[in-house]
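Next come the chains, spelled out residue by residue.
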Amino acid sequence: MELAIANVSKKYSSKKYGLNDYSIRVSSGILGLLGPNGAGKSTLIKIISSISKPTTGTVLLNGNDIVKSPNYIRRMLGYLPQDFGVYPNLNAFEFLSYIAAMKGVGGKGLQERIEKLLMELNLIEVANKQLGTYSGGMIQRIGIAQALLNDPKIIIFDEPTVGLDPEERLRFRDLISDLASERIIILSSHIVADIESIADEVAIMKDGVLLAKDSQEDITELAAGKVYETTVNKSNIQNFKEYHTVVSSYRFQDCFRVRYISETPFMDSEPVTETLEDAYIYLTRN
Amino acid sequence: MLPFIKIIQGNYLQYVRSYSFLITVGICVYVALSLVPSPEANYTTIRLGEFTGDYNSTWIALVMAMMASVLLSLVGFFLMHGSIQKDIETRIGHIIGTTQISNSSYLFSKFCSNLLILFTMLCIVFVAGIALLFMFGNQYSLQLWEFVIPFVLIAVPTLVIVTALALVLEVVFPRKRNLQYGIFLVLYISSLVGATFEKKEIHDAFGIHEPMTAITTQVQQQFPNEDTAFTIGFISGKRNADKVVTIQHIAFSADYIWNRVVFMLIAIVCLFLSTIYFHRFNIKEKIAPLPTSAPAEQNKSAGFQLSNLSITPEFSSQLSPLVSAEIIMLIRKTPKWLLGISFCLMFASIFVPLPVAHHYMLPLLWFLQVGVWSDLVTKDTSFRTYYFTASSYKPLQRVFISRILAGIGIAIFIALPLLVRYIVEFDVHTIINIMLGAVFIILLSVFFGTLTRSKKLFEITFFFLIYSNINLVKITDYFGALHNSIAYTILMLVLSTILFFSSYSLKKLRYES
């Protein structure tokens, strides 16, 4: 499996680009997509999932142009949108059967697969209730179930852990790792920890442009020797934040313990081991 | 006071900046210009026997104000209806519910902004009226006062009543759209009948009875022996050049003005009283119980284990699962009481005289589905399922088509008792016309839904259709009740084809953008 995006631009108006000359190659495995709001993650996901067409550029999946032939990817796509709804008058079985029909999936095994999916996602007991009565977390799990209905070869999860409780979040990470063999999984999230624990590769975007794409270790390495911690007085904290790239800060007695990124450290600072989050902040803020 | 005005401004701008408002304005201009037909037109809107008025300020203003009162109130109800529901759907209601705004302030701000939108449309009609005076009545000068007074006294109070009514119904019967429509339909028709036939002003919510009587009196004085029966609506037949009367200034009585004020006050008081019942977005919802521990034999997995998903489903491009799921959704969306009424009417249409079943019961039965059919192609927006549809396998050829087929299937099923009766009579042509009617009405909903991405235009049009169908207006007969010619059948076929290909092309364009 290989997805090749070459020189893709999406122009919304004469001055506004969703994506600007964006190129990336994705092979089997998990790609974590990180970027601040407005970075173009959703635009990219919509183009890959054939919902939107690029203004220029090509998107090839295994050598097939999916802009020209979107049904090629649709047959093997599992997509969990960030913001989605369900038909409230259908129950879980009916809704998943309906989505299966939309995906062009049927046959004898379908009903059994739906049952197994509902069982694995802990929804089997409420499967006969109408979806209008489901809580947010249950709807999110229905979303995950529909994405896996057709045994997809390319899976796109946009903010998949929203609404899941901590235990379900951990299980979901295991599920993604389980899926990754021989499949392309694109995982977009604002939560760096979600991506840090499972992604084989990480792509960091900003303003419609790809800033970096590499293995987690190599991306993290970009911030090496630039991450420090120091203690700052309460009265100086605002001033400090204005002049330094602060990753995090927490109250420590009457002062603040601050983790920041800098080429030249502030006096009394201690160097600390860099993380993916540090690298993400370093790349997107500089 | 300033926050209150800001809320009104926000609501108003949110609406007028929408794409659907642009379409509404376009239609409003077209309809406004057709309210006073040209001398060559094949219809009239207000007629007294064979008589019509000459194009002076008084006549044009009265015709437009009366027609606006009757028609804009209908359109206005459907446009303004659902403004609270929208706050529920967009979940803005949850934010509003936690703010300091009182129920009455919220509802009155909605009332004011909705009224402003309708006034904007009324202004368009007003300006169109002046334009028509310059077009057709260039021998007369513009008398601004003659123009303004009928609009202020006839149309404005009606819009106030309708705006308040739309909100009151939404507050008292939240989420029961079909019931709200049913109540409005009864009130609208009874007010229209009251205004036309009853002699008491109290029945005349539209405020057309007194001006109607005044015009009739003027014509009767000039032609005492002629038929001067008053008719209002889009009436087929050319204007008779020999029977054109110049209508002079009409003085509205103090009783009439008082009556209009009382109607507005009642509407506002009702709105105020409804604030007591306002749910403040705390609507009871049935919540499914959280799954308890699974039965022993099912609980072998810790959950989220993909190794248990060993079955891989086959590829299938069949349409039938999609169509049947769409049919289930259409049926489930219909409230049970409405399903009950529909089945009773279907059963009754087996026994009532055939013309009654065809002319009255069939359009009524179809109209009962208005809330369901209007949503056929717009439900992806309202339920936020657009991404599922757009990324599905051949969405245009499969999902879009299956929705149309499901709608047509239901429409034909509803007409089944009538169809069986025509089968018994071997009337194949009428059977074809009825089936084409089913196809046409569904495709009309699909076209309007695709074009505007909203269900309102179809709902308004369908309301106009049912009203004129029941009044046996020939031009709006789409199900072969008043026509039985081959030319008519071909026309319906062509219209349906145009609607289908327009909707298909538009949808294709949207998917490809």
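Residues numbered from 1 in each chain as written. Chains lettered and ligands numbered in written order. Predicted model: local features only at pLDDT ≥ 70, side-chain atom pairs only at ≥ 80, totals over all residues.

Some points on the environment of K129 of chain A
As a reminder of what qualifies: Numbering goes from the N terminus for both helices and strands, where a helix is a DSSP run of H or I of at least four residues and a strand is a run of E of at least two.
Here K129 of chain A is to be found in the loop between α4 (109–120) and α5 (136–147). For the pair formed by K129 of chain A and N89 of chain A, sequence separation is 40 residues and the distance between their alpha carbons is 9.2 Å.

Describing the nonpolar core
This is how the line gets drawn: Throughout this description, the term nonpolar core refers to a group of buried Ala, Val, Leu, Ile, Met, Phe, Trp, Tyr and Cys residues whose C-beta atoms join them within 7 Å. For every residue, the other C-beta atoms within 10 Å of its own C-beta are counted; 20 or more classify it as buried, 12 or fewer as exposed, and values in between as partly exposed. C-beta atoms are placed from the backbone. Contacts are defined on C-beta atoms placed from the backbone: any two residues whose C-beta positions lie within 7 Å are in contact.
Core analysis: the biggest nonpolar cluster contains 212 residues, and F95 and L187 of chain A together with V63, M64, M66, L122 and L165 of chain B have the highest contact counts within it. For L122 of chain B, the residues in contact, after removing those within four places along its chain, are A68, L72, F151, A155 and L159 of chain B.

Here we look at the interface of chain B and chain A
Quick reminder of the rule: Amino acids outside the nonpolar list (Ala, Val, Leu, Ile, Met, Phe, Trp, Tyr, Cys, Pro) and the charged list (Asp, Glu, Lys, Arg) are all regarded as polar, and Gly is one of them. Any two strands with at least two DSSP-identified bridges between them are counted as paired.
The interface is formed by 43 residues belonging to chain B together with 55 residues belonging to chain A. Breaking the side of chain B that touches chain A down by element, the ones donating at least two residues are β5 (314–315), α11 (320–333) and α16 (386–390) of chain B. By residue number, the principal contributor to the side of chain B that touches chain A is α11 of chain B, which donates 7 residues. Looking at the side of chain B that touches chain A residue by residue, the class counts come to 21 nonpolar, 15 polar and 7 charged. When strand β7 (residues 105–106) of chain A meets β5 of chain B, the two strands line up antiparallel, connected through 2 bridges. Considered in β5 of chain B, the bridge of V105 of chain A is made with F315 of chain B.

Things to note about the sheet that holds strand β4 (residues 56–61) of chain A
All names here are of chain A. In spatial order, the strands read β2-β1-β4-β5; together these 4 strands make up an open sheet with antiparallel pairing. Each edge of the open sheet is held by one strand with a lone partner, namely β2 (17–27) and β5 (64–65). In this sheet, β5 lies alongside β4 in antiparallel orientation, the contact comprising 2 bridges. Considered in β5, the bridge of L60 is made with D65.

Observations regarding the environment of T45 of chain B
Residue and element names in this part refer to chain B. Here T45 shows up in strand β1 (residues 43–48). Note: C-alpha distance between T45 and K508 (463 residues apart in sequence) is 39 Å. The contact partners of T45, leaving out residues within four places of it in the chain, are L35, V36, P37, V63, M67, G233, F234 and I235.

Describing helix α9 (residues 209–222) of chain B
How we decide: Helix span, as expected, comes to 1.5 Å for every residue beyond the first.
With 14 residues, α9 of chain B extends 20 Å between its outermost C-alpha atoms, agreeing within 8% with the 20 Å of an ideal straight helix rising 1.5 Å per residue. Of the residues making up α9 of chain B, those classed as buried are H209, E210, P211, M212, I215, Q218 and V219 of chain B.

Structural notes on the pairing of strand β13 (residues 245–252) of chain A
All names here are of chain A. Pairing geometry for β13 and strand β14 (residues 255–261), over 7 bridges, is antiparallel. Within β14, the residue paired with R251 across the bridge is F256. Between β13 and β14, which follow one another and run antiparallel, lie 2 residues, and Q253 among them has a positive phi close to 50°.

Here we look at the confidence of the model for chain B
Residues and elements named next belong to chain B. Spelled out, the test is: pLDDT is defined as a per-residue confidence score from the predictor, taking values between 0 and 100.
Model confidence for chain B is summarised by a mean pLDDT of 87, while 93% of its residues fall at 70 or above. Within the model, the stretch residues 293–300 combines pLDDT values under 50 with 6 contacts to residues more than four positions away or in other chains. Interface confidence for the predicted complex, expressed as ipTM, amounts to 0.84; the pTM equals 0.75.

As for the packing of α11 of chain B against helix α17 (residues 395–414) of chain B
Packed helix pairs are characterised by how far apart their axes lie and by the angle those axes make with each other. All names here are of chain B. The criterion, for reference: To define axes, lines are fitted to C-alpha atoms, for helices over the stretch in contact only, and angles between the resulting N-to-C directions are given on a 0 to 180 degree scale. Roughly parallel refers to an angle under 35 degrees, roughly antiparallel to one over 145, roughly perpendicular to one between 65 and 115, and oblique to any angle outside these ranges. Should the near helix be turned counterclockwise from the far one by less than a right angle, the crossing is left-handed, whereas a clockwise turn marks it as right-handed.
Taken N-terminus to C-terminus, the directions of α11 and α17 make an angle of 55°; their axes are 8 Å apart at the nearest point. By the angle between their directions, the pair α11 and α17 is classed as oblique. Where α11 crosses over α17, the two elements pack in a sense that is right-handed. Note on element contacts: α17 touches α11 through R398, V399, S402, R403, L405, A406, G409 and I410, opposite L322, V323, E326, I327 and L330. Taken together, the residues of the contact of α11 with α17 break down into 8 nonpolar, 2 polar and 3 charged.

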